[in-house]
Every structure is written in C-alpha cells, then in structure tokens.
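# What the coordinates show
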Amino acid sequence: MKVSTQRRFIRGVSYGILILWSLTLVFPMYWVVITSFKNPVDMSIKATYLPFLDFEPGLHAWRYLFVERLGWFMQPFSNSMIVAFVSSSIALVVGSMAGYALARFDFNGKNNSIVLGFMAQRMFPGALFMLAFLVMFRELRLLDTKTALVIVYAAGAIPFIVWVMRDFFEGLPVEIEESALIDGANRLVVIFRIAMPLAAPGLVAVFVLSLIGAWNEYIVALTLTFRDSITIPLFMGMQVSQTGYTEWWNMSAISLVSVIPVVTAGMALEKYITSGLTFGALKG
Amino acid sequence: MATAQRSVPPARGVLQFSIHDRLWKWLLLLPSLLMTTVLFIAPVVWTLYAAFTDLHLFRVGVETEWVGLYNFQKLLGNSSFWRTARNTVVFMLGVVPMQFLIGMVLAVCLDNVTRGLKLFRTWFLMPLMVSPVVVAFVIGRMLFQEDIGPINSLIRWLGFEGIPWLTHPNWAMFTIMVIDVWQWSSFMILMLMAGLQGVPYDLREAASIDGASFWQTFFRITLPLVLPIAATALLIRIIDAFKVVDIIMVLTGGGPGQATESVTLAIYRAGVKGGDLAFGSSQAYFLLLVMVVFGGAFLALTRRTMSQTKD
C-alpha cells in the first residue's frame, strides 16, 4: 500500500519534470515559428506572444524568402544539400566497407587497435586541422568549392561509421555469408547482396547522423568557403551578424526551412538515431 | 570439449576462404585508411611543423624559417591567449556538469514512466538535429534579446530590471552556456537512458521491496551501475565543450571585449583571418594539451571512483 502510493508520487513528479523539459525545448521552436509570421510593427515596441490575439500574422517573410529572394537563398540551400548527400554517401560506402573488413577479416590481431586509431581522430580538436585544410585546399585550388567540403566531411564521418558498422557486422550471423561463399559466390556479391542489406538499420543510422553533421557544420565551412559554395549555417551566420535587429522574421523563416528537413528525418528515424548515438558507449 | 571443436574460427567470426580474401580485406580497408591519413594525420603533422616555423598565409615566396619554441613563448606571455584559455575551461566546467545533472534527472524520469515514453524520447532528440547556428540565433538573439525579447519582458513584468544577456561579460558567457545546455543535455539523456536500461529492473524492484527508499536505490544500486556509460558520455561532452566555437561566433563574436572568446575562435582569428598560421598552430597544440590533461585527469578520477564502488 505504502509502496504503491510512493510509486505513484514518483511517477507524477517524473511526468511533471518531463513536461517541463519538453516545454523548454518547445518554446524556442514556438517562438521562431510565430516570429516568421510577424510583421515589423509587431516587434518594434514590445514582445508579442500569441498570433491573432496580440498580433496579426502575415506571410511577408515567407513571400520574401520563396518569391522575392528565392535565388539568393536557394544557392546555399542547394550547396548544403549536395555537400551533405555526396559526402555522407561516400563516407557510407567507404566506411562500411572498412567496418566489414574489420569485422570479418583478421588484420594480424590488430583489428581493435585499427578501430581505436580511427576513433582517436574524433577526439582531436578541429582547430588542429583547420589551418592545414586552408593551406592544403589553397594549394589544390579548391578553396570555395563544394569538392573541398565533400572531401573534408566524408573523411570526418568515416571513423564513426567504421566504429559503428564494425560492431554491427560482428552482430550479424556469419553462417549466411559462409554458405554463400561455399556456393561459389564472389566476395563482393556477399558484401553488397548479403551483408549490407542485413546491416540496413545500422547503415541508415550512420548515414543520417553523418548527413546531419555535414548539414550543420560551421567552422570548417567558414574556413574553406566564402562566396559561391557557402552552406546554410554559414549563410545564416552571415545574416545574423549583418542584420542584427531588423530582419528577425526573414531569419526565422530561413531557420525553419533549414531545420525542418533534418529534424523531421531524425525524429522519424528516432530508433536508429538513438542506437547510433549510444552504440559506441554501450559497447565500450 | 565444445570449445575445442570450435576453436578454428576465432571468436569474432573471422572468415578467410582463399588467397583472394587476403587481397579483399586490404582493398576494403584501404580507402578509409587513405582518406583519414590524408585528411587527419597529414594535417596534424603539418600543424605541428607549422607551430615551430614563421609560416604566414599571406606571405608568398619568402623562405619559411624555423623559429624553434618562439611561438610557444609568445603564447605563454600573451594575456589575451590566457583569457581565451580561461574562457574555454570556464565554459566546459559550466556546461558539462549541468548537462549531466539535467541528463540524469530526465533519464531517471523517463525510466519511471511508460505512457508517452516514446513521444518524450523522440522529442528530446530534436535539439541534437538542429544546427548550432540556428540554436544560437533563436535562443541567444531572439529569446534573450535585451529590449523586447520575451525573457527580459517577463523579468520586467515581474518588476525587475532587464538583464544585459549579451552586453555584460559574465552574462554573455552565461547565455552561451544556456544555449549549449539546451542543445546538448539531450545527448546525456539518451546515453544515461541507455545506461539505465542496462540496470536490471529486478534489482531495483528487490531493493524497494526490501524497504530501500527511492534515493537509496538510486545512489546505491542505479548510479554505480550506470557509471561506466556516464563516464563515457561525460568524456565525450568534455572534449566537445573544449572545441566550442560556432555558437560563440554567431552570438557574440567573442565579445563583449574578449569575455566569451574561446581558444578555437582565437585560432580562427589568428590563423584564418590574420594569416598567422604559425601562431594559430601553436595555440591549437596548446588546446590539445589542455584537453589531454583534463581528459586524463577525468579518466583517472572515474577509474578510482569505479574501483571504490566495486568494493
């Protein structure tokens, strides 16, 4: 009797805290949504909170973004799309191949050390690469190109993909691959027709995570690109420092357009993403 | 007996069927090795070299000279560099424990509920997907806006003075910390949640039937068992916190004055904007050193705590 009342109390408090934190996470989102529908007059004197009640929502920010200045916004948007998809795809193919090799072959007993070597790269501060990248891509005449970003982001995502996919492949039963090999199947066929499809959940998780990473990356893009190849975060960073007060509604609309695709994808694939994020820690 | 029979294939299901496989394994691994060598090891080595020279981005055609420890001497005697180092450590010490606390409380709460669990978990993932630039803009520039932002409006409505969130040095650092906590607490929640799921429910059930209170169960049973994952999560966040740069750059640009400038921002300023590759590189290595020291101290501490709790 006493135990159950205590438990009910704990559950009540838990829900209270969970709802409080959910609201903390919702509020900035709510604010950016309503701001994108505000008119300049709604933000000139005091804060306004509720559409229709204390301000009249308007579509001018959205019209500005999608009608008047579409080209201005579409360039960084498509840059981000291309860079994120191409770099993640390359990293996925290259990284999962290595993950497979480290799961299924013996590298003189050094498999764990090789994986650790990959992971160690994630610990180093980006500042250690930034200047070298700048000089390197200047020498290659690749500054302000999407190619430079694709190369850097792909290489940056590989260690994580190797780490997660190696564990994932190890978790798959060897027998299927074995029997296929005995039946005379080519190793490549075994990898791409048998192992990869079985590892699909892991592949989805690491692909989406590298996609999000590339989509949101800021400092390397800032170092390597400046005009033609700027990505969305860079474009927004420029707008924030340039406009200051005046164009909050436009910035809000841009924020939403840039955030909604990744957040929707991430939340739809919640199960995979969570397992991808926590995988390393659970194993280690 | 069974183990003796199965001793041929090694533990991890390693398969090698033919001589071709020896080729295959290297073909599969090589692209990854190559890419990470060119884009990781080469830059790290180059940066180390640059730190001992007078390399400059905008000076072309002049012999680069070896200057020994000059850049490091310049670094140690540079008060503005120490300021950025201090800012970075303060930032890390501010955000990581806060994220851990929030993460722990919310992970325990999630563990206590069943209805709506999936909904909460999915929603808590959201901040991790959002670009730090957007978070910095929305929270820092809009919610914490000093004149007509909703938070200062609320504070004024309650009858207090509005707070100079971005224009006062200490408040600016605080605001940046709030943004980081908002974004990354979710990571702690997810990790600790995964840790709690590994603690057998029976164990806690048994403890509470034996009359242990909620807090006793938490501190005596749950916490020691999630400690390994908690340590990993903390280490990852400590490392990430030392790298902070994007939210600061967007929000304050390091200001007011130098109050919020992080080491990485200083490196960007010196090396990319100023072109002083040598000085920037020496700062980067100093940052690495600070991270290794803090990371090592943290690991030693957790190892000691874990061996104590085992007894």
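Owing to the predicted nature of the structure, the values given are computational and were not obtained by experimental measurement.

## Observations concerning the overall build of chain B
Each helix and strand counted, chain B has 13 helices and zero strands in total. Mapped from its N terminus to its C terminus, chain B presents α and β elements in the order α-α-α-α-α-α-α-α-α-α-α-α-α. In terms of C-alpha radius of gyration, chain B reaches 25 Å, well past the compact-globule figure of 19 Å for 311 residues. Overall, the C-alpha framework of chain B stretches about 75 × 70 × 35 Å when taken along its three principal axes. Across the 311 residues of chain B, 52% fall into the buried class. Within chain B, residue pairs in contact and separated by at least 24 positions form 67% of the contacts whose partners lie at least 6 positions apart. Split by element, the accessible area of chain B, about 14,900 Å² in all, is 67% carbon and sulfur. Of the charged side chains in chain B, 22 are positive and 17 negative; the average position of the first set lies 6 Å away from that of the second.

## Some thoughts on the environment of Pro169 of chain B
All names here are of chain B. Along the chain, Pro169 turns up in helix 8 (residues 169-197). It is 59 Å that separates the C-alpha atoms of Pro169 and Leu23, two residues lying 146 residues apart in sequence. In this structure Pro169 touches Pro256, Ala259 and Thr260, once residues within four positions along its chain are discounted.

## Details of the pattern of salt bridges
Taken as a whole, this structure holds 11 salt bridges over all chains when the rule is applied. As a salt-bridge pair, Arg104 of chain A and Glu177 of chain A come within 3.1 Å of each other at their nearest N and O atoms. Residue Arg104 of chain A is found in helix 3 (residues 70-104), and its partner Glu177 of chain A is found in helix 7 (residues 174-182); the two are separated by 73 residues along the sequence. The class for Arg104 of chain A is buried, based on a relative accessible area of 0%. What emerges from the salt-bridge pattern is a single network uniting Asp180, Arg237, Asp240 and Lys243 of chain B.

## As for the interface of chain A and chain B
Interface size is often expressed as the accessible area that is lost when the parts come together. Taken residue by residue, the interface counts 106 residues in chain A and 97 residues in chain B. Carbon and sulfur atoms supply 78% of the area buried between chain A and chain B, which totals about 9,000 Å² over both sides. Our count for the contact surface shared by chain A and chain B stands at two salt bridges. In this structure, Glu270 of chain A engages Arg121 of chain B in a salt bridge whose closest nitrogen and oxygen atoms are separated by 3.2 Å. Counting across the chain A and chain B interface gives 11 residue pairs in polar contact (both at pLDDT 80 or more). Sorting elements by how many residues they give to the side of chain A that touches chain B places helix 1 (residues 2-36) of chain A first, with 20 residues. In the side of chain A that touches chain B, the residues fall into 72 nonpolar, 21 polar and 13 charged.

## Describing the nonpolar core
The biggest cluster of nonpolar side chains holds 194 residues, and the ones touching the most others in it are Phe169 of chain A together with Phe124 of chain B. If we skip the residues at most four places from it in the chain, Phe124 of chain B touches Leu18, Trp21, Ser22 and Leu25 of chain A together with Leu106, Leu110, Ser186 and Ile189 of chain B.

## Structural notes on the environment of Gly254 of chain B
All names here are of chain B. With respect to the helices and strands, Gly254 occurs in the loop between helix 11 (246-251) and helix 12 (263-273). A C-alpha to C-alpha distance of 51 Å links Gly254 and Ala207, two positions 47 residues apart in sequence. Sequence-distant contacts of Gly254, that is, excluding residues within four places in its chain, are made with Ile248, Ala259, Thr260, Glu261 and Leu265.

## Some remarks on the side chain of Ser185 of chain B
Structurally, Ser185 of chain B can be placed in helix 8. Overall, the relative accessible area of 0% leaves Ser185 of chain B in the buried class. Setting aside residues no more than four positions away along its own chain, Ser185 of chain B makes contact with Trp21 of chain A together with Gln99, Ile102, Gly103 and Asp180 of chain B.

## A few points about the side chain of Ser14 of chain A
With respect to the element layout, Ser14 of chain A can be found in helix 1. The exposure class assigned to Ser14 of chain A is buried, which follows from its relative accessible area of 2%. Beyond its immediate sequence surroundings of up to four residues, Ser14 of chain A is in contact with Cys109, Asn112 and Val113 of chain B.

## Description of helix 7 (residues 150-157) of chain B
Taken together, the buried positions of helix 7 of chain B are occupied by Pro150, Asn152, Ser153 and Ile155 of chain B. Phi for Gly159 of chain B, located one or two positions after helix 7 of chain B, is positive at around 100°.

## A look at the packing of aromatic side chains
Throughout the structure, instances matching the rule amount to 31 aromatic pairs over all chains. With centroids separated by 6.1 Å and ring planes inclined at 35°, the aromatic side chains of Phe37 of chain A and Trp62 of chain A adopt a geometry described as tilted. Here the residue Phe37 of chain A occupies a position in the loop between helix 1 and helix 2 (60-68), and Trp62 of chain A occupies one in helix 2, the gap between them amounting to 25 residues. Among the residues examined, Phe37 of chain A registers a relative accessible area of 27% and is labelled partly exposed. When the centroid spacing of 5.2 Å and the interplanar angle of 80° are considered together, the rings of Phe124 of chain A and Phe40 of chain B count as edge-to-face. Highlighted residues: Phe124 of chain A in the loop between helix 4 (111-123) and helix 5 (127-139) and Phe40 of chain B in helix 2 (residues 19-51), drawn from two different chains. Of note, Lys25 of chain B hangs over the ring of Phe107 of chain A, and the distance from its end group to the ring centre comes to 5.0 Å. It is Lys74 of chain B that lies over the ring of Phe279 of chain B; its NZ or CZ is 4.3 Å from the centre.

Calculation notes
Residues numbered from 1 in each chain as written. Chains lettered and ligands numbered in written order. Predicted model: local features only at pLDDT ≥ 70, side-chain atom pairs only at ≥ 80, totals over all residues. Heavy atoms only, no water. Helix = DSSP H or I, 4+ residues; strand = E, 2+ residues; numbered from the N terminus. Rg over C-alpha atoms; globule rule 2.2 N^0.38 Å. Buried < 20%, exposed > 50% of the residue type's maximum accessible area, 1.4 Å probe, protein only. Contact = heavy atoms within 4.5 Å. Areas by Shrake-Rupley, 256 points an atom, 1.4 Å probe, with all protein chains shown as cover. Lys, Arg positive; Asp, Glu negative; His and termini not counted. Charge placed at Lys NZ, Arg CZ, Asp CG, Glu CD. Salt bridge = Lys/Arg side-chain N within 4 Å of Asp/Glu carboxyl O. Buried area = accessible area lost by both parts, 1.4 Å probe. Polar contact = N/O pair within 3.5 Å; in protein donor to acceptor, adjacent residues only side chain to side chain. Nonpolar A, V, L, I, M, F, W, Y, C, P; charged D, E, K, R; others polar. Core = buried A, V, L, I, M, F, W, Y, C linked by side-chain atoms within 4.5 Å. Phe/Tyr/Trp six-rings, centres within 6.5 Å; stacked < 30°, edge-to-face > 60°. Lys NZ or Arg CZ within 6 Å of the ring centre and 35° of its normal.

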